[in-house]
Amino acid sequence: MTTTQLTTNPVLRVPPARPAAAAAYFRADLAFHADVSDVASVLASGGDPGFVVLDSRSTESWDQGHVPGAIHLPTALIPEQAEQLLDRSVPVVTYCWGPGCNGATRAALALAELGYQVKEMLGGFEYWAREGFEFETWEGIQKPAADPLTAPLAAGDCGC
């Protein structure tokens, strides 16, 4: 590719990182994030998943729907209530509404500052529901239809 092509191509205007730097970046990203499908798969397999799921939203949001088995702990209450609800030896996976919300990030930061191992669930509750995973409300378990733009309809696995 010529210098002219590199400077006019918005994708390659800044060249890709070297493979070793890219591998380090993506390895680090996976240390901080968990995919909705992966979380759902582990929880559905039964037994001890090796982590707890924490919903950092308000009570009103929790009541609208939450991941079954999640712990409800709004971000603002983490400093005063985390020790009563969480075990520091068990990793925590935080979530909030969705990709347009940084509540799970703020919750993860608060927990990390208190000494917890933590990951953020990418997509939050929005993608949990959009991918068709069961969620719980005060009325019981709900099972939404999967959104074909976010989840495979014919296969149980996206293949990624």
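Residues numbered from 1 in each chain as written. Predicted model: local features only at pLDDT ≥ 70, side-chain atom pairs only at ≥ 80, totals over all residues. Heavy atoms only, no water.

A. The arrangement of helix α3 (residues 36-44) in detail. Those residues of α3 lying buried are Val-36, Val-39 and Ala-40. Mapping the buried residues of α3 onto a view down its axis gives an arc of 95°, with all of them on the same face. The secondary structure elements touched by the buried residues of α3 are β1 (33-35), β2 (52-55), β4 (92-95), β5 (118-122) and α7 (124-130). Here α3 starts with a cap whose side-chain oxygen sits 2.7 Å from the backbone nitrogen of Ser-37, and that cap is Asp-35. (Buried < 20%, exposed > 50% of the residue type's maximum accessible area, 1.4 Å probe, protein only. Helix = DSSP H or I, 4+ residues; strand = E, 2+ residues; numbered from the N terminus. Arc of directions from axis to C-beta. Contact = heavy atoms within 4.5 Å. Polar contact = N/O pair within 3.5 Å; in protein donor to acceptor, adjacent residues only side chain to side chain.)

B. Quick peek at the pattern of salt bridges. Throughout the structure, instances matching the rule amount to 4 salt bridges. The salt bridge involving Asp-55 is made with Arg-57; its shortest N-O contact spans 2.7 Å. Considered together, Asp-55 and Arg-57 belong to a single accessibility category, that of buried residues. Note that Arg-130 is salt-bridged to Asp-147, the shortest N-O span being 2.7 Å. Here Asp-147 lies in the segment after β7 (140-142) and Arg-130 lies in helix α7, a separation of 17 residues in the sequence. (Salt bridge = Lys/Arg side-chain N within 4 Å of Asp/Glu carboxyl O.)

C. Structural detail: the sheet that holds β5. Spatially, β1-β5-β4-β2-β3 is the arrangement adopted by the 5 strands of the open sheet, whose pairing is parallel. Every other strand in the sheet has two partners, leaving β1 and β3 (71-72) as the edge strands with one partner each. Direction of pairing for β4 relative to β5: parallel, over a ladder of 3 bridges. The residue bridging Val-93 from the neighbouring strand is Lys-119, located in β5. (Pairing = 2+ DSSP bridges.)

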